[in-house]
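Listed here are the chains, written in short residue letters.
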Amino acid sequence: MNRILKHRLFWPVVVLVALLLLNLVFTDGFFRIQMKEGHLYGSLIDIFRFGAPLILVATGMTLVIATSGIDLSVGSVVAIAGALACMQISDLSDQNSVTGVLAAVGIALVLSVVLGLWNGFLVAGIGIQPIIATLILMVAGRGLAQLITDGQITTVQSSSYKLIGGGYWLTLPFGIIIVAVVLALTAFLTRRLALGLLIESVGGNAEASRLAGISARGVLIMVYAFCGLCAGIAGLMISSNVSSADGNNAGLWIELDAILAVVIGGTPLSGGRFSLSGTVLGALIIQTLTTTIYSIGVPPETTLLFKALVVTIVCLIQSPAFRSKVFHRRRRPVAASAAPEEKVRVSA
């Protein structure tokens, strides 16, 4: 039991279960999952469905933070990817053309990777601090997204594109399947191969990794490119779900939710180690919290404050130092127990 209580994912699991049970009180049939027209529906399915973009962005952010970096530009990349894809599709003579939609998706994802490579080049190649390097694209990216759409909300009528974020496949929302595939590939590359150790070594001590023969610059550039790719896929999911692209509001503040999900999942901002399962759990907590806010009727003007309070509580109960101070669990010093023996020897 003591080992379970000390596990880094114990308290996030407790918080997630508590939020789900709270929704059960305010929402009738919250855990009910139904099959309609060959598709699964229910509140739990919706949490996974609407939380899929956040899980993707948080997955890329996890690897970046594991290298002791950070990426504030993922929200802008989300907006750029959705805007570019929708603009390409809106120019098609047949918006339902699978070939045309795939080409638009491919162009958007390539640009997302290029933007990630740009961040990696600034961090690893030039040596700019990650928070400054990515802040540049965070600010400029919104302008680029609005430049692509001419400052307008671009709408599309494409069933093929709608599949990415709003369609179903094998009874499940297609977005959930995309997330599952990305997570499986990421877990395989980082935990079954040596890539995860390389990322953690660079995050622990980049100079020592370089002296050991690891290309720290190459690892950093690759990680930022992967983060850009994840943000681009999330942007496609968000824009396709509403069949439109809003360069100003799409993915707004998703970078902060992604960082919170990573931290709640147990990955330290100092880098050196990471937990993909913890990140997924943290993203589900944030999405469930959003659902809970709507369920219990929290006023819209206090939504962000309520969300901040809950996240603060989660982070505090995860802290061993905080729990030790609150519950007064202090270990007995070893030197105190050894002192009587020394006194006996001296007296003897």
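Just so it is clear, the model here is predicted, and its values are computed rather than measured.

Enquirer: Sorry, what's going on with the overall build of the protein chain here?
Expert: Helix and strand counts for the protein chain come out as 16 helices and six strands. Its C-alpha atoms give the protein chain principal-axis dimensions of about 100 × 55 × 40 Å. Relative to its 348 residues, the protein chain shows a buried fraction of 46%. In the protein chain, of all internal contacts separated by at least 6 residues, the share reaching a separation of at least 24 is 77%. When the accessible surface of the protein chain is summed, it comes to about 17700 Å², and 67% of that surface belongs to carbon and sulfur atoms. When the 22 positive and 15 negative side-chain charges of the protein chain are each reduced to one mean point, those points stand 18 Å apart.

Enquirer: Can you help me understand the environment of Val15 in this one?
Expert: Along the polypeptide, Val15 turns up in helix H2 (residues 10-26). Note on Val15: relative accessible area 11%, which makes it buried. When residues no more than four places from it in sequence are discounted, the contact partners of Val15 are Ile285, Val314 and Ile317.

Enquirer: Looking at this model, I keep getting lost on a nonpolar patch on the surface. Mind explaining?
Expert: Nonpolar side chains collect at one region of the surface, where Val13, Val17, Leu21, Leu24 and Phe31 lie side by side and expose about 400 Å² of accessible area between them. Examined against the element boundaries, Val17 turns out to sit in helix H2. Among the residues examined, Val17 registers a relative accessible area of 40% and is labelled partly exposed.

Enquirer: Sorry, what's going on with the packing of H2 against helix H14 (residues 303-318) here?
Expert: When two helices pack together, you describe them by how their axes are tilted relative to each other and by the distance separating the axes. It is the contact of H2 with H14, at a shortest axis distance of 9 Å, that shows an interaxial angle of 145°. By crossing handedness, the relation of H2 to H14 is classed as right-handed. Where H2 abuts H14, its residues Trp11, Pro12 and Val15 lie against Val314, Ile317 and Gln318. Across the contact of H2 with H14, the residue classes break down as five nonpolar, one polar and no charged.

Conventions adopted
- Residues numbered from 1 in each chain as written.
- Predicted model: local features only at pLDDT ≥ 70, side-chain atom pairs only at ≥ 80, totals over all residues.
- Heavy atoms only, no water.
- Helix = DSSP H or I, 4+ residues; strand = E, 2+ residues; numbered from the N terminus.
- Buried < 20%, exposed > 50% of the residue type's maximum accessible area, 1.4 Å probe, protein only.
- Contact = heavy atoms within 4.5 Å.
- Areas by Shrake-Rupley, 256 points an atom, 1.4 Å probe, with all protein chains shown as cover.
- Lys, Arg positive; Asp, Glu negative; His and termini not counted.
- Charge placed at Lys NZ, Arg CZ, Asp CG, Glu CD.
- Patch = residues over 30% accessible without salt bridge, like charges linked within 9 Å, V, L, I, M, F, W, Y side chains within 5 Å.
- Salt bridge = Lys/Arg side-chain N within 4 Å of Asp/Glu carboxyl O.
- Axes fitted to C-alpha atoms, helices over the stretch in contact; angles between N-to-C directions.
- Left-handed = near helix turned anticlockwise from the far one by under 90°.
- Nonpolar A, V, L, I, M, F, W, Y, C, P; charged D, E, K, R; others polar.

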